[in-house]
Amino acid sequence: SRFELFEQVDKYLGELGDGASLPEGYGEALADAQAVRAALSARPLPVAPCHCDPLCENFVDDAESGAMRIVDFEYAGMCDPLWDVADLSVEAGLDAAKEAELLRAYFGGATPTPEEVGRVVLYKAMCDLLWTLWGLLQHKNGNPAEDFWAYATGRFVRCQRLMARPDFAQHVAAVRAGQPSG
């Protein structure tokens with residue numbers, strides 16, 4: 001199976017239904033995300049098996065065996081591996097220095113290209129756009145585990161901030177132009 005970001009967004013919007021209570025500005029952000037979709041579609045990369053939900057709770061440290069186990073494969077599928085890198089950065093709350101360290105490690109010590117950095121930035125925004133909807137579904141369905149309205153609106157605010165950064169359009173352009181690894 002494949003993990004298709006924008007298909008998942010459409011699925012969640014459908015499950016929320018017409019008249020769903022969305023955070024203010026969500027429609028505009030979704031419209032702005034079409035530039036991201038076009039850039040990613042213009043330069044598709046080979047897909048690989050991905051977890052697609054790398055929040056920290058899905059990594060279990062088995063101290064007894066010394067192994068790190070990954071659980072919860074509900075969203076797993078073939079995807080651009082940089083989705084997992086970006087989502088992990090978001091879920092772990094990495095600052096710029098730690099994210100740069102993660103990217104250097106991911107690329108084997110090499111400096112990522114502008115396209116690769118761009119993909120990570122775009123996916124960071126899009127994972128918050130997507131997980132906003134997931135949180136709204138949890139809220140709609142009365143999941144008592146936490147305040148999912150606050151979760152959803154917090155994710156969306158972070159998405160808006162990233163998409164509003166002056167360099168966001170440059171990242172979209174770098175992905176669209178495609179500057180693959182050397």
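Here, every reference points to the structure presented above.
For clarity, every value in this text was computed on a predicted model and none was experimentally measured.

What counts, and at which threshold
- Residues numbered from 1 in each chain as written.
- Predicted model: local features only at pLDDT ≥ 70, side-chain atom pairs only at ≥ 80, totals over all residues.
- Heavy atoms only, no water.
- Helix = DSSP H or I, 4+ residues; strand = E, 2+ residues; numbered from the N terminus.
- Rg over C-alpha atoms; globule rule 2.2 N^0.38 Å.
- Buried < 20%, exposed > 50% of the residue type's maximum accessible area, 1.4 Å probe, protein only.
- Areas by Shrake-Rupley, 256 points an atom, 1.4 Å probe, with all protein chains shown as cover.
- Lys, Arg positive; Asp, Glu negative; His and termini not counted.
- Charge placed at Lys NZ, Arg CZ, Asp CG, Glu CD.
- 1 Å grid on protein atoms, 1.4 Å probe; cavity = no way out; pocket = protein on both sides within 12 Å on 5 of 7 lines; lining within 4 Å.
- Points joined across faces, edges and corners; volume = space filled by probe spheres on them.
- Nonpolar A, V, L, I, M, F, W, Y, C, P; charged D, E, K, R; others polar.

Now for the overall build of the protein. What the protein contains, in helices and strands, is 7 helices and 4 strands. Helices and strands appear in the protein in the N-to-C order α-α-β-β-β-β-α-α-α-α-α. The C-alpha radius of gyration of the protein comes to 17 Å, within 12% of the 16 Å expected for a compact globule of 182 residues. By principal-axis analysis of the C-alpha atoms, the protein measures approximately 50 × 45 × 30 Å. Across the 182 residues that make up the protein, the buried fraction comes to 40%. For the protein, the accessible surface area stands at approximately 9600 Å², while carbon and sulfur atoms represent 55% of it. Between the mean site of the 15 positive side-chain charges and the mean site of the 28 negative ones, the protein shows a separation of 5 Å.

As a further point, take the layout of surface pockets. If you add up the space inside the largest pocket, you get close to 360 Å³. Every residue lining the largest pocket is counted, 18 residues in all, and those nearest its centre are Arg2, Glu4, Leu5, Leu40 and Tyr123. Put simply, the parts of the chain that give the lining of the largest pocket at least two residues each are α1 (5-16), α2 (26-42), β4 (77-79) and α5 (114-140). In terms of residue class, the lining of the largest pocket is made up of 11 nonpolar, 1 polar and 6 charged. Contributing to the lining of the second largest pocket are 14 residues, with Asp53, Leu55, Trp134, Phe148 and Tyr151 lying nearest its centre. If you list the elements that add at least two residues to the lining of the second largest pocket, you get α5 and α6 (148-164). Examining the composition of the lining of the second largest pocket, we find that 3 residues originate from one element, α6, more than from any other.

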